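Examination of the molecular architecture
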2 protein chains.
Amino acid sequence: MGEKRTPSGFLLKQRAFLKLYLITLTEQERLYGLKLLDVLRQEFKPFGYRPNHSEVYKALHDLIEDGILKQVKQKKEGMKYQEVVYYRFAEGGQEKAKLYKRQLKAELDRCAALIRKAIEDNFG
Amino acid sequence: MGEKRTPSGFLLKQRAFLKLYLITLTEQERLYGLKLLDVLRQEFKPFGYRPNHSEVYKALHDLIEDGILKQVKQKKEGMKYQEVVYYRFAEGGQEKAKLYKRQLKAELDRCAALIRKAIEDNFG
DNA sequence: CAATGAACATTATGTTCATCC
DNA sequence: GGATGAACATAATGTTCATTG
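Residues numbered from 1 in each chain as written. Chains lettered and ligands numbered in written order. Predicted model: local features only at pLDDT ≥ 70, side-chain atom pairs only at ≥ 80, totals over all residues. Heavy atoms only, no water.

Attention now moves to the overall build of chain A. A count of helical and extended segments in chain A gives four helices and two strands. Reading the helices (α) and strands (β) of chain A from amino to carboxyl end gives α-α-α-β-β-α. Every one of the 124 residues in chain A was classed for burial, and the buried ones make up 45%. At a minimum sequence separation of 6, the contacts of chain A that also span at least 24 residues come to 55%. Taken as a whole, chain A presents about 7,500 Å² of accessible surface, with 50% of it coming from carbon and sulfur. Computed over 25 positive and 17 negative side-chain charges, the inter-centroid distance for chain A is 3 Å. (Helix = DSSP H or I, 4+ residues; strand = E, 2+ residues; numbered from the N terminus. Buried < 20%, exposed > 50% of the residue type's maximum accessible area, 1.4 Å probe, protein only. Contact = heavy atoms within 4.5 Å. Areas by Shrake-Rupley, 256 points an atom, 1.4 Å probe, with all protein chains shown as cover. Lys, Arg positive; Asp, Glu negative; His and termini not counted. Charge placed at Lys NZ, Arg CZ, Asp CG, Glu CD.)

So, in structure tokens, the structure goes:
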């Protein structure tokens, strides 16, 4: 009967990666779930990475639980009836977002270094 | 009732990463499981990555199934009775290893680019 | 049918147990 | 106790289904 698991500290998880992007996108434009998915897929297409809709929704829900984002249900542009869920920063969310991004920056740097090392060690 | 899963193409998996290192280490020195684990932990310690013994064994077993490595059971240096499992290339394994490494090189480059992009997009 | 979300399924990986010198 | 491996358990994430407008 297992207890909590301690991560081995390999590369960062997809969820965290998406949360980072979703914060940054929220700083920039007002978008809703599936649109965010579209944008991300476009961005990552040249890199062979195609996130799925569930991961994006879970990342968004995570950010809400973290107190970083909040939902704003609104009629879709132009549409009369289609209501979609936009996101903006929660009260105090900006600060928490800044903190999260700082952590992720360190994490990305770490991963970059690990990968660089692997390239050197195995192909240098 | 789920079918096969298609990977989203995010970062490379720990297993593949370890297999790459185990091939390279096999090219260099003759080591057995737990020693390989030691070496890897030492290497990655500064990067906050600490693989566990099961992952290393599974990676080695994978490489055997791939026809890349084979086991050589031998008495441990100096020890009279302690028998350990060393690894060397299987027949034709060198070629397959070369192929695998080529794939992993591409994969590592892709991951490096993805991470670099994330740093630019979110902190640039 | 687009959008959201939950339920469900599987894979990746971490932890514990068994066995053998 | 070191070494190997399998069994077991959980976490991460992909796929399908339900609901709503």
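We now examine the pattern of salt bridges. With the rule as written, the count across this model stands at 24 salt bridges over all chains. Note that Lys-35 of chain B is salt-bridged to Asp-38 of chain B, the shortest N-O span being 3.8 Å. With Lys-35 of chain B and Asp-38 of chain B both in helix α2 (residues 33-44), this residue pair falls three residues apart, about one helical turn. In this structure, Arg-110 of chain B and Glu-107 of chain B form a salt bridge, with 2.9 Å as the shortest nitrogen-oxygen distance. Residue Arg-110 of chain B and its partner Glu-107 of chain B are located together in helix α4 (residues 93-123), separated by three residues, close to a single helical turn. Given a relative accessible area of 24%, Glu-107 of chain B falls into the partly exposed group. Through salt bridges that share partners, Arg-15, Lys-19, Glu-55, Lys-58, Asp-62 and Asp-66 of chain A make up one connected network. (Salt bridge = Lys/Arg side-chain N within 4 Å of Asp/Glu carboxyl O.)

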